[in-house]
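Structural description and commentary
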Amino acid sequence: MSIITDTPRVTANPLLEMHDEGQAIWLDFVDRSFLAQGGLRRLIEEDGLSGVTSNPSIFEKAMGHGDAYDEGIKAALAQGVDSVAALYESQAIADIKAAAADLRPVYERTSGQDGYVSLEVSPYLAHDTAGTIAEAHRLWQAVGEPNLMIKVPATTEGIPAIQRLIADGLNVNVTLLFALSAYQLVAHAYVKGLEERVARGQPINRIASVASFFVSRIDTQIDRKIDARVTAGEPHASALSALRGKVAIANAKLAYAWYQDMVAEDRWQALRVKGAMPQRLLWASTGVKDPAYPDVLYVEALIGRDTVNTLPPATMDAFRDHGTVAPTLGADVDEARRVLRDAERFDLDLAGVTEALVEDGVKQFADAADKLLAAVGGKRAHFQGDTAT
């Protein structure tokens, strides 16, 4: 992990410059060794990092490989924690609490506007509203930190859970957003949840939420369609090829434009004067999948005020090294509209792509959870065997 080496940093740091544009930089990564070695604290101090996101895939990579978690699993077994799910959760919560502690000064300094770490509800509950609500509350209590965000997927069943959790006073990171229409439902769920609290006379000034748009996955699917049609001799090959790598960014720009209109409305302003914080758009899946594109494409093109970009380590290193900072997110919105019109004109089916990506995302996280639990189960069997011999 180059982000935790002792290599001296350059004087000019584009990551720090992001704050001048009003964008927060979060890290899409968590790992016990990284935390123990002070890696997160260093990024907070030197790069202005102000948040951390996790998901089942990240924990599968961290916990399912190597021996960094072995002592923690052994200690949990000695304390009577026996089920595989409980063993995993004990270790995940320990990491989340450690990250929350490192980020707590950011949380306090910003009066709760930043400094969050996210923990996701089980992907097996993605289509279970009541189950999601119950698990979110259980995890909230188990972590017990004010700068925790509970991640809930933007499935049909997740939307009412989001509203309920906001109304109950939990911070929520809405994940697996791809479509503008889905984002609008999520934004309205956040507003309704806050309005419920206001109606009950409860405070809303310390409730935070982000709406996490997954970016590069859209281009991966759209570009695949374009390439197949160009290879097949599509008569509009040149115009189609011109859309490669542009649809996801255009989609994000229009989501931001809608957000700006929404927060200017009287309905939101009535909540703002009572202390409500806006539900920031968060750009996720910002690592470039296509080597033909610049490695910081989904960072440089999505810089805007009151947003977050959560970066995988390699992308963070790349942007620190050669990123360019400019207020790009609100620029060229008419061009973004043209890109999406062309995508529709050429029948690239963005709506179908985004719908399928939600279910694919749920499946990917569930598959990662399967692998993670299997790895933890293997470690449990190994350590219990050692105890028995």
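Summarised in this report is the structure supplied together with it. (Residues numbered from 1 in each chain as written. Predicted model: local features only at pLDDT ≥ 70, side-chain atom pairs only at ≥ 80, totals over all residues. Heavy atoms only, no water.)

1. Brief notes about the packing of aromatic side chains
Applicable threshold: Planes of paired rings set the category: under 30 degrees apart is stacked, over 60 is edge-to-face and the rest tilted, where pairs are Phe, Tyr or Trp rings (Trp by its six-membered ring) whose centres lie within 6.5 Å. Helical segments are the DSSP runs of H or I of at least four residues, strand segments are the runs of E of at least two, and each set is numbered from the N terminus. Classification of residues uses two cut-offs on accessible area relative to the type maximum, computed with a 1.4 Å probe and protein chains only: under 20% is buried, over 50% is exposed, and between them is partly exposed.
Applying the stated criterion across every chain yields a total of nine aromatic pairs. For the ring pair Phe59 and Tyr88, a centre distance of 6.0 Å and an interplane angle of 80 degrees mean the geometry is edge-to-face. Of the two residues, Phe59 is situated in helix 4 (residues 56–63) and Tyr88 in helix 6 (residues 84–109); the sequence distance between them amounts to 29 residues. Across the pair, Tyr88 and Phe59 agree in class, each one buried.

2. Thoughts on the packing of helix 3 (residues 39–47) against helix 6
Geometrically, a packed helix pair is captured by the angle between its two axes and the distance between the axes. The criterion, for reference: What counts as an axis is a line fitted to C-alpha atoms, over the stretch in contact for a helix, and the angles between N-to-C directions run from 0 to 180 degrees. An angle below 35 degrees is treated as roughly parallel, one above 145 as roughly antiparallel, one from 65 to 115 as roughly perpendicular, and anything else as oblique. Handedness of each helix crossing follows the sense of rotation of the near helix against the far helix: counterclockwise by less than a right angle gives left-handed, clockwise gives right-handed. Two residues qualify as a contact provided that any one of their heavy atoms is within 4.5 Å of a heavy atom in the partner residue. Polar here means any residue other than Ala, Val, Leu, Ile, Met, Phe, Trp, Tyr, Cys and Pro, which are nonpolar, and Asp, Glu, Lys and Arg, which are charged; Gly is therefore polar.
Put simply, helix 3 and helix 6 touch, their axes get as near as 9 Å, and they point 15 degrees apart. By the angle between their axes, helix 3 is roughly parallel relative to helix 6. Handedness of the crossing formed by helix 3 with helix 6: right-handed. Of the residues in helix 6, those in contact with Leu40, Arg41 and Ile44 of helix 3 are Ala99, Asp102, Leu103 and Val106. By residue class, the composition of the contact of helix 3 with helix 6 is five nonpolar, no polar and two charged.

3. Let's talk about the side chain of Asp219
Quick note on the threshold: Under this definition, polar contacts are N or O atom pairs within 3.5 Å; protein pairs additionally need one hydrogen-donor-capable and one acceptor-capable atom, and for neighbouring residues in sequence, both atoms have to be side-chain atoms.
In this structure, Asp219 sits in helix 10 (residues 216–231). For Asp219, the side chain forms a polar contact with the main-chain nitrogen of Ala248, separated by 3.0 Å. Residues within four places of Asp219 in sequence aside, it is in contact with Arg224, Gly245, Lys246, Val247, Ala248 and Tyr298.

4. With respect to the pairing of strand 3 (residues 116–120)
Counted only if it meets this: Paired strands, as defined in this entry, are two strands with at least two bridges between them according to DSSP. Orient the strands so they point away from the viewer, and a crossover whose first-strand-to-second-strand path over the helix runs clockwise is right-handed.
Counted residue by residue, strand 3 has five buried out of five residues, so it is predominantly covered. Alternating residues of strand 3 divide into Tyr116, Ser118 and Glu120 and Val117 and Leu119, and every residue in both groups is buried. Sheet analysis places strand 3 next to strand 4 (residues 148–153), joined by four bridges and oriented parallel. Bridging across to strand 4, Leu119 finds its partner in Ile150. Crossover connection from strand 3 via helix 7 (residues 129–143) to parallel strand 4: handedness right-handed.

5. Looking at unusual backbone geometry
In the Ramachandran plot, Ser111 falls in the positive-phi region, its phi being about 55 degrees despite a non-glycine side chain. Here Ser111 is to be found in the loop between helix 6 and strand 3. Relative accessible area serves as the criterion here: at 43%, Ser111 is assigned to the partly exposed category. Its identity is not glycine, yet Asp306 carries a phi of approximately 60 degrees, on the positive side. By the element assignment, Asp306 lies in the loop between helix 14 (297–300) and strand 8 (307–311). For Asp306, a relative accessible area of 36% translates into the label partly exposed.

6. A short note on the pattern of salt bridges
Convention followed: Think of a salt bridge as a Lys or Arg side-chain nitrogen and an Asp or Glu carboxyl oxygen that are within 4 Å of each other.
For the coordinates displayed, the defined rule picks out 27 salt bridges. Arg320 is the partner of Asp317 in a salt bridge, and the nearest nitrogen-oxygen pair spans 2.9 Å. Placement of the pair is Asp317 and Arg320 together in helix 15 (residues 313–322), with a separation of three residues, close to one helical turn. For the pair shown, Asp317 and Arg320 are each scored as buried. A salt bridge links Glu335 to Arg338; its shortest N-O distance comes to 2.5 Å. Placement of the pair is Glu335 and Arg338 together in helix 16 (residues 333–345), with a separation of three residues, close to one helical turn. For Glu335, a relative accessible area of 35% gives the class partly exposed. Sharing partners across several salt bridges, the network here consists of Lys97, Arg104, Glu108 and Glu145.

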